[in-house]
Amino acid sequence: MPKCSECSADVAVEDGAQENEIVQCAECGTELEVVRTAPVGLAPAPDVEEDWGE
Ligand SMILES: [Zn+2]
């Protein structure tokens, strides 16, 4: 299981996750980007503002 780059907690990534998919660490809330699959590799997500005011 991939680990969070911030807190080293195991991060659950669903089967069939795609590259560039964003997952969130349940421990620290850091957003992580799936940079590779099989095996899944994670990197800190780019700091993109996704709040469009909803
Ligand atoms: Zn974490």
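Above this text is the structure in question.
In this text, all values refer to a predicted model and were calculated from it rather than measured experimentally. (Residues numbered from 1 in each chain as written. Predicted model: local features only at pLDDT ≥ 70, side-chain atom pairs only at ≥ 80, totals over all residues. Heavy atoms only, no water.)

A. Examining the coordination of the zinc ion more closely. Coordination sphere of the zinc ion, protein contribution only: C4 (SG), C7 (SG), C25 (SG) and C28 (SG), at 2.3 Å. Of note, the zinc ion draws all its donor residues from one chain, in the sequence arrangement C-x2-C-x17-C-x2-C. (Donors = N, O, S within 2.8 Å, 3.2 Å for Na, K, Ca; no water.)

B. Looking closely at the nonpolar core. C4, A9, V11, V13, A17, V23, C25, L32, V34 and L42 together form the largest nonpolar core, which totals ten residues. Leave out the neighbours within four places in its chain, and V34 touches V13, Q18, E19, N20, E21, V23, V40, G41 and L42. (Core = buried A, V, L, I, M, F, W, Y, C linked by side-chain atoms within 4.5 Å. Buried < 20%, exposed > 50% of the residue type's maximum accessible area, 1.4 Å probe, protein only. Contact = heavy atoms within 4.5 Å.)

C. Region of interest: the sheet that holds strand 1 (residues 22-24). With respect to topology, three strands assemble into an open sheet ordered 1-2-3, the strand pairing being antiparallel. Looking at the sheet topology across the chains shown, the edges are occupied by strand 1 and strand 3 (41-44). The sheet shows a mean angle of 45° between the axes of neighbouring strands, taken without regard to direction. Here four bridges tie strand 2 (residues 31-36) to strand 3, and the two strands are oriented antiparallel to one another. The residue of strand 3 that forms the bridge with L32 is P44. (Pairing = 2+ DSSP bridges. Helix = DSSP H or I, 4+ residues; strand = E, 2+ residues; numbered from the N terminus. Axes fitted to C-alpha atoms, helices over the stretch in contact; angles between N-to-C directions.)

D. Up close: the environment of P39. The residue P39 is located in the loop between strand 2 and strand 3 in this model. By relative accessible area, which is 57% here, P39 ends up exposed. Taking C-alpha positions, P39 is 8.4 Å from M1, a pair spaced 38 residues apart along the chain.

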